[in-house]
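Okay, here's what each chain looks like letter by letter:
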Amino acid sequence: MTGNDIRARFLEYFEKNGHTVVESSSLVPQNDPTLLFTNAGMVQFKTVFMGEDKRDYRRAVTSQCCMRAGGKHNDLENVGYTARHHTFFEMLGNFSFGDYFKEQAIHYAWQFLTEELQLSKEKMWVSVFQDDDEAFALWEKVDGLLPGRIIRMDEKDNFWAMGDTGPCGPCSEIHIDQGVEAGCGREDCALGCDCDRFLELWNLVFMQFNRTEEGNLEPLPKPSIDTGMGLERIAAVLQGKLNNYDSDLFMPVISRLEQLSGRSYGAGGSDDTAMRVIADHARATSFLVADGVLPSNEGRGYVLRRVMRRAIRFGRSLGLSAPFFYQACRAVVETMVGAYPRLADTAELLEKVVNNEEARFSETLEHGLAILDEEIQRQHQQAVPRIDGEFIFKLYDTHGFPFDIVRDVCLERAIAFDESGFQAAMERQRRQSRASRKGEGLQLKDAGIKTLIDSGRKTEFVGYHTLHASAAAL
Ligand code: ATP
Ligand code: MG
Ligand code: MG
Ligand code: MG
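Predicted, not measured: the structure shown is a model, and the values here were computed from it. (Residues numbered from 1 in each chain as written. Chains lettered and ligands numbered in written order. Predicted model: local features only at pLDDT ≥ 70, side-chain atom pairs only at ≥ 80, totals over all residues.)

A.B. asks: I'm lost on the domain arrangement of the protein chain in this one. Help?
C.D. replies: Many structure descriptions define interface size as the accessible area lost when the parts assemble. Domains assigned within the protein chain are domain 1 (3-238) and domain 2 (250-456). The gap between the C-alpha centroids of domain 1 and domain 2 is 30 Å. Of all elements in the fold, only α1 (3-16) and β2 (59-67) reach the threshold of two or more residues within the side of domain 1 that touches domain 2. When its residues are assigned to classes, the side of domain 1 that touches domain 2 shows ten nonpolar, six polar and one charged. (Domains from an automatic or database assignment. Helix = DSSP H or I, 4+ residues; strand = E, 2+ residues; numbered from the N terminus. Nonpolar A, V, L, I, M, F, W, Y, C, P; charged D, E, K, R; others polar.)

The structure is reproduced here in structure tokens:
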């Protein structure tokens, strides 16, 4: 089953069960300055859950584009190093706004995984919040879940809250045991381990309390459901792959990188890491630009710049010289445009933005890498080799080297680096520039470009699985 098939099956299954199919909202949250990016399916429904907004449906289903880089949920550092994390990914989710609750949510999830997708019941594990006896009892009644497979977990993993106050509740997560070969191999490896063996597939959030200013939990009059399952994870599992990047959602992009570099993917070494990072970051770049984000030195634009520059540096380690990154992004557009036709509208802009950024960064990349290399060699002569925070800041300030690149290089060369020293230097610079910039109209440039993009976005949402823009037309 392809990634596209799974997305369609998910939407169809919940539509059949009374849910309204709602379009993915933008990666840039609307009217929510507290949030850098949309990082879960519930973001576009936040006000509905809070009771501030009404919709003409009480059940919804989405495949939501999410971005977890910078901000509260940050998986940027995991990309390339775990088999299951991306910066940009699609979250499949079903929602109940004061309609059905725990029993039905558990029933739907179990039925979808084990009947619709035919996943083996014997491989399934479930976690519930430690005090949630109700969820525990409901899972005990589920057909085919083996005894001993319901694990109670603490607040850190199995309790969800929108903020310090407001709607919150316990959650329950479904995991699949992918076998010892997928894991860390440690003797105590079990559900909750950081490795990829017990792969977390689906999070079911039971929104049932309101946390007051005093910290008390008051029951909500109409409890709600918010769920999220990573499309890339379920696709890999169904395609018999132990790594998300080996699924058909990524392979066309990786194949393009193989062609461009003349190197092959799959040997498990540093070339694999590089190709995965570039593929992930090309997806993030393509979707961010489509949602009106452009590289800049602050906020969302800076996250995009970091992601692009990190990918470009990994390109150099594959022997790819400029310009190559637009080709990876082009492969992303070709792969995803069927499900997200709006990518066609910004394809041209995307190539310009990417080439411009790569050209700008290339000028200083080599020079900066040489300076870093020299410092690493010098440090290796020292008793305690370490790349200093101020040094990393200087690389950033004079050569536009985001911290992520220094971290990647240091990890490759097995040398320690001073992250907190770098953060302190950054904070110092932020304070200085804030003071000197007060009162300037900084929004203007971005706003102009945003209008331009919006004027070019004419595609209407007609469902995720309607192919009304073909890749060949690009
Ligand atoms: P993990 O523990 O693996 O980091 P999470 O607990 O942070 O996942 P949730 O916030 O519960 O994830 O999100 C719901 C679902 O979205 C997860 O169960 C997973 O399938 C998917 N997901 C979360 N983060 C990512 C990511 N960075 N890349 C791909 N899929 C993800
Ligand atoms: Mg996580
Ligand atoms: Mg988790
Ligand atoms: Mg989770």
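Next, the rest of the story.
A.B. asks: Where do I start with the environment of C195 in this structure?
C.D. replies: With respect to the secondary-structure elements, C195 resides in the loop between β7 (166-177) and β8 (198-211). Note: C-alpha distance between C195 and G230 (35 residues apart in sequence) is 17 Å. Ignoring any residue separated from it by four or fewer positions in sequence, one finds C195 in contact with G183, C184 and C189. (Contact = placed C-beta atoms within 7 Å.)

A.B. asks: It is not clear to me how the nonpolar core should be interpreted in this structure. Could you clarify?
C.D. replies: A general feature of soluble globular proteins is that nonpolar side chains tend to end up buried together. Residues A109, I278, A279, F325 and A328 are the most contacted members of the largest nonpolar core, which totals 107 residues. Element by element, the count of residues in this core is highest for helix α8 (residues 270-290), at eleven residues. In contact with A109, other than residues within four places in its own chain, are I174, W202, L204 and T227. Counting 14 residues, the second largest nonpolar core, distinct from the first, contains F401, V406, C410 and A425. (Core = buried A, V, L, I, M, F, W, Y, C linked by C-beta atoms within 7 Å. Buried ≥ 20, exposed ≤ 12 C-beta atoms within 10 Å, placed from the backbone.)

A.B. asks: Where do I start with the environment of R431 in this structure?
C.D. replies: Following the sequence through the fold, R431 ends up in helix α15 (residues 419-437). For R431, a count of 10 C-beta atoms within 10 Å gives the class exposed. Put simply, R431 and N39 are 392 residues apart on the chain and 28 Å apart in space, counted from C-alpha to C-alpha.

A.B. asks: Mind showing me how you'd approach the pairing of β2 here?
C.D. replies: Strand residues, when the strand is regular, have side chains that alternate between the two faces of the sheet. Extensive coverage of β2 is indicated by the burial of eight of its nine residues. Sheet topology places strand β1 (residues 20-21) next to β2; two bridges connect them, and they run parallel. Within β2, the residue paired with V21 across the bridge is V61. Here nine bridges tie β2 to strand β3 (residues 88-96), and the two strands are oriented antiparallel to one another. The residue bridging C65 from the neighbouring strand is E90, located in β3. (Pairing = 2+ DSSP bridges.)

A.B. asks: Looking at this model, I keep getting lost on the pairing of β3. Mind explaining?
C.D. replies: For β3, a buried count of nine out of nine residues is recorded, marking the element as mostly surrounded by other parts of the structure. Neither face of β3 is open: one carries F88, E90, L92, N94 and S96, the other F89, M91, G93 and F95, and all of them are buried. As paired strands, β3 and strand β9 (residues 217-230) are joined by four bridges and run antiparallel to one another. Within β9, the position partnered with M91 by the bridge is G230.

A.B. asks: Even after reading the chapter, I still don't get the site of ligand 1, so can you show me in this structure?
C.D. replies: The environment of ligand 1 is formed by 16 residues, the closest being D75, F89, N203, G228 and G230. When residues of the shell around ligand 1 are traced back to their parent elements, those giving at least two are β3, β8, β9 and α6 (231-238). Among the elements that make up the shell around ligand 1, the one with the highest residue count is β8 (four residues). When the residues that make up the shell around ligand 1 are grouped by side-chain class, the tally is five nonpolar, five polar and six charged. (Near = placed C-beta within 6 Å.)

A.B. asks: When you look at helix α13 (residues 389-399) in this model, what are you seeing that I'm missing?
C.D. replies: A turn of α-helix holds 3.6 residues, and therefore any two residues three or four places apart point the same way. Every buried residue of α13 is accounted for by F391, I392, F393 and L395. Backbone geometry just downstream of α13 places G400 in the positive-phi region, at approximately 65°.

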